[in-house]
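Letter by letter, the chains look like this.
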Amino acid sequence: MSGYKKIGEAELKIENKVIKLPLFEGAEKEHAIDIGNLRSETGSITMDPGYGNTGSCFSSITYIDGEKGILKHRGIPIEELAEKSSFLEVSYLLIYGHLPGKKELNDFTTSVTRHSMIHEDMKRFFNNYPATAHPMSIISSMICSLSSYYPDCFNSDPASVDLNIARLIAKVNTIAAFSYKKSIGQPFIGPINRLSYVENFLHMMFAVPAEPYTVEPVFAKALELFLILHADHEQNCSTSTVRMVGSSLANLYASISAGICALWGPLHGGANQAVIEMLTRIEKERMDVKDFVQQVKDNKKSGIRLMGFGHRVYKSFDPRAKILKKACDDVLKKIGKHTALLDIAKRLEETALKDSYFIERKLYPNVDFYSGILLQAIGIPVNMFTVMFAIGRMPGWIAQWKEMLESPDLKIGRPRQIYTGPVTQPYVPIDQRI
Ligand code: CMC
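This structure is a prediction, so every number in the text was calculated from the model and none was measured.

Caption draft 1: Region of interest: the sheet that holds strand 2 (residues 17-25). Taken in spatial order, the three strands make up an open sheet running 1-2-3, and their pairing is antiparallel. Bordering the open sheet on either side are strand 1 (5-14) and strand 3 (31-33), each of which pairs with just one other strand. Adjacent strand axes in the sheet meet at a mean angle of 30° when their direction is disregarded.

Okay, structure coming up:
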């Protein structure tokens, strides 16, 4: 693997034994100590709950400098991709490692476009979910079910892998839109090949058979930006889940379906929904922003966190939040719509950023703080927000899965533990238990 080199050794003294551990440097000068032989040489393992100090892989896809607020994909800053690129181009960049040439992009776009329909039998699946089903539960199970329809996903030859990658990017759009249509009792609207990826999604979401529907270009552009900004974020919870499941050689659809479940949680992708719910509550209850921030600061008692704030890696501004904040302003201005939620969000941000609680803990707005407002402006319902994140993250998950499978260092993921239970315990027959 290129892009990293051994630059020396670290010494670790355990009791009276000193062992040397290789020290590596990555392409951006970040350092890692290789502890691969630690247990065999010393009998000890490392303990790092939440994996904040644990590198799980070498990767050439995404680089984040959390202190400086830098995010780059394959070396290209997110700001530049957000301004100049399209979602499918960024997907290609992430998955295949370089910006596509015209033909490559055309072939990739055609392949994704031509695979956007789902098998007719799968449409019946939607009938078996209750109307109250969260769309994340529907899409995770539907994505896993794709492996039943495309058994070539068990092949590792590059042509099968590429085909299933295109299918996945294409069909998640359709499955997501159908899950929404099902929840509101409207007929499914199928994909149209002349529309772009984002236009197609908006069409499948909002068109009805009774009247013509034209995609609003401002919304298509805003959605394209949203998807680009969510496309990858290195080894976060859902991506690590995709890698973990994929490391057992589970197929692409099964691995991604597991990632979707991990994304669902409110500490991860579910935060965009939680942010809008928080802002709506502040608005409805006419709460003073300063009082709400006070409750957040007392979160050990109140259990309330400022959703959309804080990040495991970013200890300064999340560059995606900056771009989204501006996009919210632009889109709302263009469509001539004022939303009280954006005002509340800005006041919350302003109050928090001046407060020592947030300053000391280095808590800044993350990608989810403004993304919900943008999605709401486009007309996306709140319970679809995390699904939108999943559609955006799809190329990142796929790229990370593919990189792992192609790596000569592939090993099944299997962390260790320190056991804390009883050392021995007698087995008591059931009639003698209290
Ligand atoms: N509001 C109030 N206090 C917070 C917040 C917050 N949003 N985030 C962290 N803290 C406090 C926390 O209480 C702790 O304080 P203390 O040291 O007094 O115990 C300190 O900051 C460190 O928090 P942590 O939970 O140990 O930090 P973490 O790195 O494990 O968690 C996080 C990162 C994103 C889960 C957390 O900041 C959080 O819960 N944020 C709100 C949820 C959110 O917006 N999630 C989206 C993350 S970005 C998109 C994505 O990756 O999905």
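Resuming the write-up.
Caption draft 2: Spotlight on the packing of aromatic side chains. Per the counting criterion, the structure on display carries 18 aromatic pairs. With a centroid separation of 6.3 Å and 70° between ring planes, the pair formed by Tyr180 and Phe206 is classed as edge-to-face. One end of the pair, Tyr180, is in helix 7 (residues 158-184); the other, Phe206, is in helix 8 (residues 197-206), and 26 residues separate them in sequence. Look at Tyr180 and you get buried, because its relative accessible area is 14%. The structure contains a cluster of three or more aromatic residues connected by ring pairs, namely Phe309, Tyr357, Phe358, Phe369 and Tyr370. Between Arg361 and the ring centre of Tyr357, over which it is positioned, the NZ or CZ distance is 3.8 Å.

Caption draft 3: Quick peek at the site of the ligand. Taken together, 22 residues sit near the ligand, with His268, Lys300, Arg305, Leu306 and Gly308 positioned nearest. Within the contact set of the ligand, an oxygen atom lies 3.5 Å away from a backbone nitrogen or oxygen of Gly269. In the model, an oxygen atom of the ligand is placed 3.0 Å from a nitrogen or oxygen of the Arg361 side chain. When the ligand sits alone it has 920 Å² of accessible area, and the protein chains cover 77% of it. At the level of secondary structure, the elements contributing two or more residues to the shell around the ligand comprise helix 14 (299-302) and helix 18 (367-378). For the shell around the ligand, the class distribution of residues is ten nonpolar, seven polar and five charged.

Caption draft 4: Expanded view of helix 11 (residues 252-264). Its 13 residues give helix 11 an end-to-end C-alpha distance of 19 Å, which sits within 8% of 18 Å, the value for a rise of 1.5 Å per residue. Counting buried positions over the 13 residues of helix 11 gives eleven, a clear majority of the element. Of all the positions in helix 11, only Leu252, Tyr253, Ala254, Ser255, Ile256, Ser257, Ala258, Gly259, Ile260, Ala262 and Leu263 are classed as buried. Turning to helix 11, the residues buried within the fold contact helix 6 (135-149), helix 7, helix 10 (237-246) and helix 19 (385-406). If you check the start of helix 11, you find a side-chain oxygen 2.9 Å away from the backbone N of Tyr253, and it comes from Asn251.

Caption draft 5: Inspection of the environment of Glu360 at higher detail. In this fold, Glu360 is placed in helix 17 (residues 356-360). Given a relative accessible area of 60%, Glu360 falls into the exposed group. In this structure, the C-alpha to C-alpha distance between Glu360 and Lys102, residues 258 residues apart in sequence, is 48 Å.

Caption draft 6: Molecular detail of the sheet that holds strand 5 (residues 70-73). Judged by pairing direction, the sheet is antiparallel, and its three strands sit side by side in the order 4-5-6 without closing on themselves. If you trace the sheet from one side to the other, it starts and ends with strand 4 (62-65) and strand 6 (76-77), each paired once. Two elements, strand 4 and strand 5, share four bridges in a ladder whose sense is antiparallel. Bridge pairing in strand 5 links Thr62 to His73.

Caption draft 7: Highlighting the side chain of Ser147. Mapped onto the elements, Ser147 comes out in helix 6. Within the structure, Ser147 has its side chain in polar contact with the backbone oxygen of Cys144 (distance 2.5 Å). Once you skip the residues sitting within four places of it in the chain, Ser147 turns out to touch Cys153, Phe154, Asn251 and Tyr253.

Caption draft 8: Layout of helix 8. Counting buried positions along helix 8 yields eight of ten residues, so the element is predominantly enclosed. Looking only at helix 8, the buried set comprises Tyr197, Val198, Asn200, Phe201, Leu202, His203, Met204 and Met205. Where helix 8 is buried, its residues meet helix 3 (87-96), helix 4 (102-114), helix 7, helix 9 (217-229), helix 18 and helix 19.

Caption draft 9: Region of interest: the pairing of strand 5. Where strand 4 folds back on strand 5, the antiparallel hairpin that results is connected by four residues, among which Gly69 adopts a positive phi of roughly 70°. Count of turn residues in the strand 5/strand 6 antiparallel hairpin: two residues, of which Arg74 carries a positive phi of about 50°.

Caption draft 10: Region of the structure containing the pattern of salt bridges. Throughout the structure, instances matching the rule amount to 20 salt bridges. For the salt bridge of Glu403 with Arg243, the shortest nitrogen-to-oxygen distance reads 2.7 Å. Pair noted here: Glu403 is in helix 19 and Arg243 is in helix 10, with a separation of 160 residues, a long-range link. Like Glu403, the residue Arg243 is buried in the burial classification. Here the salt bridges do not stand alone but share partners, grouping Lys5, Glu25 and Lys29 into one network.

Caption draft 11: Just the side chain of Asn236, in detail. Mapping Asn236 onto the fold places it in the loop between helix 9 and helix 10. Judged by its relative accessible area of 14%, Asn236 is buried. At a separation of 3.1 Å, a polar atom in the side chain of Asn236 contacts the main-chain carbonyl oxygen of His233. The residues touching Asn236, leaving out its near neighbours within four places in the chain, are His268 and Arg393.

Thresholds, definitions, all that
- Residues numbered from 1 in each chain as written.
- Predicted model: local features only at pLDDT ≥ 70, side-chain atom pairs only at ≥ 80, totals over all residues.
- Heavy atoms only, no water.
- Pairing = 2+ DSSP bridges.
- Helix = DSSP H or I, 4+ residues; strand = E, 2+ residues; numbered from the N terminus.
- Axes fitted to C-alpha atoms, helices over the stretch in contact; angles between N-to-C directions.
- Phe/Tyr/Trp six-rings, centres within 6.5 Å; stacked < 30°, edge-to-face > 60°.
- Buried < 20%, exposed > 50% of the residue type's maximum accessible area, 1.4 Å probe, protein only.
- Lys NZ or Arg CZ within 6 Å of the ring centre and 35° of its normal.
- Near = heavy atom within 4 Å.
- Polar contact = N/O pair within 3.5 Å; in protein donor to acceptor, adjacent residues only side chain to side chain.
- Areas by Shrake-Rupley, 256 points an atom, 1.4 Å probe, with all protein chains shown as cover.
- Nonpolar A, V, L, I, M, F, W, Y, C, P; charged D, E, K, R; others polar.
- Expected span 1.5 Å × (residues − 1).
- Contact = heavy atoms within 4.5 Å.
- Salt bridge = Lys/Arg side-chain N within 4 Å of Asp/Glu carboxyl O.

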